[in-house]
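Breakdown of the fold
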Amino acid sequence: MMNYSLSVIRYALIIFLSVSIIGCDSFVRKFTRKTQKEDLPVEEMVLAPEEYKPPQLSPEEQYRQYFLYWQSWHDELITSIADKASQKRKIDCAMEAQENLVNLRSLLGQQAQQRLDIYINKLKELQEQIAADLYANAGTNYVQAAERIRMGIMRDFSYHKIAKDVIK
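To keep things clear, this report deals only with the structure shown in the data block. (Residues numbered from 1 in each chain as written. Predicted model: local features only at pLDDT ≥ 70, side-chain atom pairs only at ≥ 80, totals over all residues. Heavy atoms only, no water.)

1. With respect to the overall build of the protein chain
Helices and strands together make up the secondary structure of the protein chain, namely five helices and zero strands. From first element to last, N terminus to C terminus, the protein chain shows the α and β order α-α-α-α-α. The buried share among the 168 residues of the protein chain stands at 27%. Put simply, of all contacts in the protein chain between residues at least 6 apart along the chain, 71% involve residues at least 24 apart. Carbon and sulfur atoms make up 57% of the accessible area of the protein chain, which totals about 13,300 Å². (Helix = DSSP H or I, 4+ residues; strand = E, 2+ residues; numbered from the N terminus. Buried < 20%, exposed > 50% of the residue type's maximum accessible area, 1.4 Å probe, protein only. Contact = heavy atoms within 4.5 Å. Areas by Shrake-Rupley, 256 points an atom, 1.4 Å probe, with all protein chains shown as cover.)

2. Observations concerning helix α4 (residues 110–132)
With 23 residues, α4 ought to run about 33 Å at 1.5 Å a step, and its terminal C-alpha atoms sit 33 Å apart, in line with that. All buried positions along α4 are accounted for by Ala112, Gln113, Leu116, Tyr119, Ile120, Leu123, Leu126, Gln127 and Ile130. Those residues of α4 hidden inside the fold are in contact with α2 (59–82), α3 (87–105) and α5 (139–157). (Expected span 1.5 Å × (residues − 1).)

3. Regarding the packing of α2 against α5
Following both chains from N to C, one finds α2 and α5 inclined at 160°, their axes separated by 9 Å at the closest point. By the angle between their axes, α2 is roughly antiparallel relative to α5. The two elements α2 and α5 cross, and the hand of that crossing is left-handed. On the side of α2, the interface is formed by Tyr63, Phe67, Trp70, Gln71, His74, Asp75, Ile78, Ile81 and Ala82, while α5 contributes Gly139, Tyr142, Val143, Ala146, Glu147, Ile149, Arg150, Ile153, Met154 and Phe157. Counted by class, the contact of α2 with α5 contains 13 nonpolar, three polar and three charged residues. (Axes fitted to C-alpha atoms, helices over the stretch in contact; angles between N-to-C directions. Parallel < 35°, antiparallel > 145°, perpendicular 65-115°, else oblique. Left-handed = near helix turned anticlockwise from the far one by under 90°. Nonpolar A, V, L, I, M, F, W, Y, C, P; charged D, E, K, R; others polar.)

4. Some points on the nonpolar core
Residues Tyr63, Leu77, Leu101, Leu126, Ile153 and Phe157 are the most contacted members of the largest nonpolar core, which totals 32 residues. Elements with a contribution of two residues or more to this core: α2, α3, α4 and α5. If sequence neighbours within four positions are ignored, Phe157 has contacts with Tyr63, Phe67, Leu108, Ala112, Arg115, Leu116, Tyr119 and Ile162. (Core = buried A, V, L, I, M, F, W, Y, C linked by side-chain atoms within 4.5 Å.)

5. Regarding the side chain of Lys90
Counting through the fold element by element, Lys90 comes out in helix α3. At 7.1 Å, Asp133 is the nearest oppositely charged side chain to Lys90, a buried residue that forms no salt bridge. (Lys, Arg positive; Asp, Glu negative; His and termini not counted. Salt bridge = Lys/Arg side-chain N within 4 Å of Asp/Glu carboxyl O.)

What follows is the structure, given as structure tokens:
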């Protein structure tokens, strides 16, 4: 029994010494409160955002951009009419295509503007017809009219066919 109690005391002494030598510092760091950092730099809030100017495009680049926007919206209009999409979608596509044609018009000379006005008015009439036709009874007629408008604009106003002296 004496031998047993002596071995228990030895093991307890070894464990106590090893914990006090090895784990004491980490044990203390684990259970002590860390000091709060109150000297952090305070950032000033931005009350008025700074506006960055987009890069200025040349008239030729603007023409290409508006022409591409018109082309994609007009194609979307034809697709939405053919697929019998909602009337709101058809009207929105027609309005966006018309808006891009108006932007395109501002970059052209006087004679080219007058020729483009014809297509803008045709597109406006098509938009009004689509808006008036609540049940989309004449969908194929609208598709044909939109395709005729598209072909005319592509024929007369594509960037490669329009002279650079016509663009302001």
